[in-house]
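These are the residues of each chain, in order.
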Amino acid sequence: MSRICQITGKKAMVGNNVSHSKRRTKRKFNVNLFRKKFYWVEEDCWVSLNISAAGLRLINKVGLDAAIKTAAEKGHLNA
């Protein structure tokens, strides 16, 4: 499974490692991603999500139901 947040849609960015001599080599900035289970009260079931730290903060702010609905509208959920 690719490293993409299912709530926010965040994924890895590409950048440069810059050495002391200013030599640049490509690198990846990965998302702070982890697997977490949530109890969805409206559907009365457990939901397992690949979620970033920013996505977790969003769920804490607006609630699981609202976050899942907006993610489904934007096409971030693949389930």
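Up top is the structure.
To keep things clear, this report deals only with the structure shown in the data block. These figures come from a predicted structure and were not determined experimentally.

Procedures and definitions
Residues numbered from 1 in each chain as written. Predicted model: local features only at pLDDT ≥ 70, side-chain atom pairs only at ≥ 80, totals over all residues. Heavy atoms only, no water. Phe/Tyr/Trp six-rings, centres within 6.5 Å; stacked < 30°, edge-to-face > 60°. Lys NZ or Arg CZ within 6 Å of the ring centre and 35° of its normal. Salt bridge = Lys/Arg side-chain N within 4 Å of Asp/Glu carboxyl O. Helix = DSSP H or I, 4+ residues; strand = E, 2+ residues; numbered from the N terminus. Buried < 20%, exposed > 50% of the residue type's maximum accessible area, 1.4 Å probe, protein only. Arc of directions from axis to C-beta. Contact = heavy atoms within 4.5 Å. Core = buried A, V, L, I, M, F, W, Y, C linked by side-chain atoms within 4.5 Å.

Observations concerning the packing of aromatic side chains
Two descriptors summarise a pair of aromatic rings, namely the distance from one centre to the other and the angle between the planes of the rings.
Here's step 1: Summed over the entire model, instances satisfying the criterion amount to one aromatic pair.
Here's step 2: Geometry around Phe 29 places Arg 27 over its ring, the cationic atom sitting 3.9 Å from the centre.
Here's step 3: Geometry around Trp 46 places Lys 37 over its ring, the cationic atom sitting 5.8 Å from the centre.

Here we look at the pattern of salt bridges
Note on pairing: side chains with opposite charge can pair once their charged atoms come close.
Here's step 1: Going through the model one piece at a time under the given rule, you end up with one salt bridge.
Here's step 2: Lys 69 serves as the salt-bridge partner of Asp 65, at 3.2 Å between the closest nitrogen and oxygen. Of this pair, Asp 65 and Lys 69 both sit in helix 2 (residues 64-74), separated by four residues, roughly a single helical turn.
Here's step 3: Overall, the relative accessible area of 49% leaves Lys 69 in the partly exposed class.

Things to note about helix 2
Here's step 1: Within helix 2 the residues assigned to the buried category are Leu 64, Asp 65, Ala 67, Ile 68 and Ala 71. Down the axis of helix 2, the buried side of the element spans an arc of 165°, and every buried residue falls inside it. Among the exposed residues of helix 2, those oriented more than 90 degrees off its buried face are Glu 73 and Lys 74.
Here's step 2: Here the buried face of helix 2 lies against strand 3 (33-40), strand 4 (45-52) and helix 1 (53-62).

Details of the nonpolar core
Here's step 1: Counting 14 residues, the largest nonpolar core has Ile 7, Phe 38, Leu 49, Ile 51, Ile 59 and Leu 64 as its most contacted members.
Here's step 2: Mapped by element, the contributors of at least two residues to this core are strand 3, strand 4 and helix 2.
Here's step 3: In terms of residue count, helix 2 provides more of this core than any other element does, four residues in total.
Here's step 4: The contacts of Ile 7, once residues within four sequence positions are left out, are Leu 49, Ile 51, Gly 55, Leu 58, Ile 59, Ala 67, Ile 68, Ala 71 and His 76.

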